[in-house]
Amino acid sequence: MELERLQKYIARCGVTSRRKAEELILAGRVKVNGTKETELGTKVDPDKDIVTVDNKKISEVNKYIYIKLYKPEGYVTTVRDQFDRKTVLDLIDIKERIYPIGRLDYNTSGLLLLTNDGELANRLMHPKYHIYKTYIAEMEGRISQESINRLETGVVIDNYRTAPAKVNLLKYKDSRSLVQISIYEGKNRQVRKMFDAVGHKVVKLKRISFGEVSLGDLKTGSWKNLSNDEIKFLKGNQEG
Ligand code: URA
C-alpha cells in the first residue's frame, strides 16, 4: 500500500474527521510505532505502521456505518466530556467506533448524524456544500417581519455576517414565537446567536433535518441506520 498522510489515515480508520484528526495530532494524542507524532505532514504505511490514538491501536474500517439519532437535551455531542456529562454515544449501543457529524449544543435536541466514514464527515461539515440544516426555535417575544427579513439577508454575529437563511414564522404562542429556520453554515451556537442579534432569546431549539435527512418518526433518545436513499443524498453532496 502507498504511503498516506497521517490525518487521512486516522479519518479512514473511523476515529474522527480529517480536520479533527489534525487536532488530535497537534494535541500529541497520536503515536506512530510507539513514538508521539505531532507533525501534520507525516506519512504512514497503513500495511506496516502501528498508529495509536490515546494509546489505542486504530485500524481500517471495513464496514461503514451511518446513523441518525434524536438527541435529547442534556447530552453533549463530543465523544468524551471533560465534565463527565452524558454523551450521545451513551445512547447508541453498537460495538463499532462512531462519532457525530458536526455538533448540537448540550441544550439543543433533534437530528444528529453519526458515522465512522471520516471522509464523508469531513465534507459534510464544510459549508461550501450548502447543505441546509433546519431548526425549530422557540424564543421570547413576538418576532417581527422586519427581524425575519434581517435574518433572511444575514446578520452580524461575532464580527461575521451570516449567509442568507430561510426563515418562517410558524406561530406566536402567548409572548413567545415559534420559528423555523434553515441555514447551511455551522458556526458555534449560530442559530441562538442569530436570534440574539435581532433581540430574541431562544429558549428551545430542535433540529428537524439535515439536507434531505429528517427526524421522521424517531422518538427522543432513539436512533436508526440511515436508509440507502439518505446515504445516497449525503454522498451525492460530496462533489466539488
Ligand atoms: N445553532 C445553535 O445555536 N445551536 C445548535 O445546537 C445548533 C445550531
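How each quantity is defined
Residues numbered from 1 in each chain as written. Predicted model: local features only at pLDDT ≥ 70, side-chain atom pairs only at ≥ 80, totals over all residues. Heavy atoms only, no water. 1 Å grid on protein atoms, 1.4 Å probe; cavity = no way out; pocket = protein on both sides within 12 Å on 5 of 7 lines; lining within 4 Å. Points joined across faces, edges and corners; volume = space filled by probe spheres on them. Helix = DSSP H or I, 4+ residues; strand = E, 2+ residues; numbered from the N terminus. Nonpolar A, V, L, I, M, F, W, Y, C, P; charged D, E, K, R; others polar. Near = heavy atom within 4 Å. Polar contact = N/O pair within 3.5 Å; in protein donor to acceptor, adjacent residues only side chain to side chain. Areas by Shrake-Rupley, 256 points an atom, 1.4 Å probe, with all protein chains shown as cover. Sits in = over half its atoms within 2 Å of the grid points. Domains from an automatic or database assignment. Core = buried A, V, L, I, M, F, W, Y, C linked by side-chain atoms within 4.5 Å. Buried < 20%, exposed > 50% of the residue type's maximum accessible area, 1.4 Å probe, protein only. Contact = heavy atoms within 4.5 Å. Pairing = 2+ DSSP bridges.

Caption draft 1: Structural context of the layout of surface pockets. Within this model, the largest pocket holds a volume of roughly 1,600 Å³. In this structure, the largest pocket is lined by 48 residues; those nearest its centre are Lys-20, Thr-78, Pro-100, Gly-102 and Arg-103. Mapped onto the lining of the largest pocket, the elements with two or more residues apiece are helix H2 (18-26), strand E8 (99-100), helix H3 (118-124), strand E10 (133-140), helix H5 (190-197) and strand E15 (202-210). Per-element accounting of the lining of the largest pocket gives the leading share, 4 residues, to H2. Class assignment for the residues of the lining of the largest pocket results in 21 nonpolar, 11 polar and 16 charged. Quantified by volume, the second largest pocket comes out at close to 250 Å³. Along the walls of the second largest pocket sit 13 residues, with Cys-13, Ser-59, Val-61, Glu-96 and Arg-97 positioned nearest its centre. Each residue belonging to the lining of the second largest pocket can be placed in one class, and the counts come to 4 nonpolar, 3 polar and 6 charged.

Caption draft 2: Inspection of the site of the ligand at higher detail. Residues in close proximity to the ligand include Leu-104, Asp-105, Thr-108, Tyr-135, Arg-189, Gln-190, Val-191, Arg-192 and Leu-205, which together make up its full environment. Residue Thr-108 places a side-chain N or O atom 3.0 Å away from an oxygen atom belonging to the ligand. With respect to the ligand, the backbone of Arg-189 contributes an N or O atom lying 3.3 Å from an oxygen atom. Compared with its free state, where it exposes 240 Å², the ligand has 94% of that area covered by protein. Using a 2 Å cut-off from the grid points, one finds that the ligand occupies the largest pocket. Looking at side-chain class alone, the shell around the ligand contains 4 nonpolar, 2 polar and 3 charged residues. Among the domains, domain 2 (66-124 + 220-236) and domain 3 (132-210) are the pair contributing at least three residues each to the shell around the ligand.

Caption draft 3: Spotlight on the nonpolar core. Formed by 29 residues in total, the largest nonpolar core has its most connected members in Leu-114, Leu-151, Ile-181, Met-194 and Phe-195. Listing elements by their share of this core, those giving two or more residues are strand E7 (66-71), strand E9 (108-115), E10, helix H4 (145-153), strand E14 (176-183), H5 and E15. For this core, the two domains that each supply at least three residues are domain 2 (66-124 + 220-236) and domain 3 (132-210). Setting aside anything within four residues of it in sequence, one finds Phe-195 in contact with Ala-137, Met-139, Ile-143, Leu-151, Val-179, Ile-181, His-200 and Val-202. Counting 19 residues, the second-largest nonpolar core is a separate cluster that includes Tyr-99, Leu-113, Val-213 and Phe-233.

Caption draft 4: Representation of the pairing of strand E13 (residues 166-173). Across 7 bridges, the pairing between E13 and E14 is antiparallel. Each bridged residue has a counterpart across the sheet, and for Lys-166 the counterpart in E14 is Ser-182. Between E13 and E14, which pair antiparallel and follow one another directly, the connecting turn spans 2 residues, one of which, Asp-174, has a positive phi of 50°.

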